[in-house]
Amino acid sequence: MKTQRPDSSLVARFNSLCTIPSDEPWPSGAKTIDLPDPRPGFHECLLNEYHNSDEALIVKITHPHVVLDADPDAWVAAETVSPFNMLEDWTGQRPLRIAVHVRRGDIHILEKNRILPNEYYIGVMRNVQSTFRSLRIPHIIELHSETTSANFTVRTNDFGTYNMESDVEFHPEVDAFDDFKSIDQLQYRFNDEPLDAFCRIATADVIVTSISCFSYLAAMLNPKAVTIYHPFFHSPRSNWIVAAPDGSFCDKQLCKRFQAPNTSWRGWWDRLRATLPTGRG
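Everything numeric here is computed off the predicted structure, so don't read it as measured data.

## Some words on the confidence of the model for the protein chain
Per-residue pLDDT for the protein chain has a mean of 85; in total, 90% of the residues score no lower than 70. Put simply, helix H9 (residues 265–275) is where the protein chain has its lowest mean pLDDT, 51, and strand S8 (residues 206–208) is where it has its highest, 98. Within the model, the stretch residues 262–269 combines pLDDT values under 50 with 2 contacts to residues more than four positions away or in other chains.

What follows is the structure, given as structure tokens:
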């Protein structure tokens, strides 16, 4: 937003991540119907309308969110073409990686209602750390976001702006990223190239989404990650963890998914000692 230089290659580079093969050759002379925003049950309506027709029909759906939000587990079909579906299961040989997406940047000016407070993310991070520390699992947390070091002005005719009635000056201190200093060993990843940031989030062991399609899609394409989700207009998968406004959540799924494999003598002895009665009979 600050540089106002659009990346003309960005869409093509994102699209290159996934290749969706066609299951049928494109029939010649087919009729094409554009359904930019279909409603649930649209396919039954089409079948009823064209069931007696010999004409080939191709339906183009530009924004399928209404259908997918009604049944978000339908996203499972995307896993077959996801570049992240071959990730190896975590085996305890490395620290767990938690990617936290803190959506900032343009929404300060364009959609302030999508800003989650820093306290929410801090609450999630502390609860995640508490869980993994209780399991004695080494871990790192990455904070992915955008920021700037100087004021700048966003104008109504700038690239990517909308619903702006007048120019707005942006002040970087509004992000208050110093709030996150209370989180131990937090790694800041500010202003990463968008595709690099997307891939880092999509390959994490735990993904903390924001009110943003960016991290939402990254989580959808990673079937092995545990996703901690904050409710917004796109629905969560049934196996996602839904966090409360204060960042609290049920940690049973984290504990079940990431029981630390510990085959060392010390780990064996610690587990045995925990089962022994204390004191003398």
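Let us keep going from here.
## Description of the sheet that holds strand S7 (residues 186–190)
Across the sheet, 6 strands lie side by side as S7-S4-S3-S8-S9-S10; this open sheet has parallel pairing. Two strands in the sheet have a free side with no partner beyond their single neighbour: S7 and strand S10 (241–242). Pairing between strand S9 (residues 226–229) and S10: 2 bridges, direction parallel. Looking at the pairing, Tyr229 lines up with Val242 of S10. Where helix H7 (residues 213–220) meets the sheet, its contacts fall on strand S3 (96–101), S8 and S9, and the angle it forms with S8 comes to roughly 155 degrees.

## What to know about the pattern of salt bridges
Tallied over the full model, the rule gives 14 salt bridges. Among the ionic pairs, Glu142 bridges to Arg97, the shortest N-O distance being 3.1 Å. One end of the pair, Glu142, is in strand S4 (residues 139–145); the other, Arg97, is in strand S3, with 45 residues separating them in the sequence. Glu142 sits in the buried class, given a relative accessible area of 0%. The closest approach of N and O atoms between Glu111 and Arg114, which form a salt bridge, is 3.1 Å. A relative accessible area of 22% places Glu111 in the partly exposed class.

Rules used throughout
Along each chain, residues carry numbers from 1 onward, in the same order as the chain's sequence is written. Reporting of local features is limited, given that this is a predicted model, to residues whose pLDDT is at least 70; pairs of side-chain atoms are given and counted only at 80 or more, and all residues count toward the totals for whole chains, interfaces and linings. Note that the side-chain values use all heavy atoms of the structure and ignore hydrogens as well as water. The predictor's confidence in any single residue is recorded as pLDDT, a number from 0 to 100. Strands are runs of DSSP state E lasting at least two residues, helices are runs of H or I lasting at least four, and both sets are numbered from the N terminus onward. Note on contacts: a residue pair qualifies if any of its non-hydrogen atoms lie within 4.5 Å across the two residues. Between any two strands, pairing holds if DSSP finds at least two bridges. What counts as an axis is a line fitted to C-alpha atoms, over the stretch in contact for a helix, and the angles between N-to-C directions run from 0 to 180 degrees. Put simply, a salt bridge is a Lys or Arg side-chain nitrogen that is within 4 Å of an Asp or Glu carboxyl oxygen. Whether a residue is buried, partly exposed or exposed follows from its accessible area with a 1.4 Å probe, protein chains only, as a fraction of its type maximum: under 20%, in between, or over 50%, in that order.

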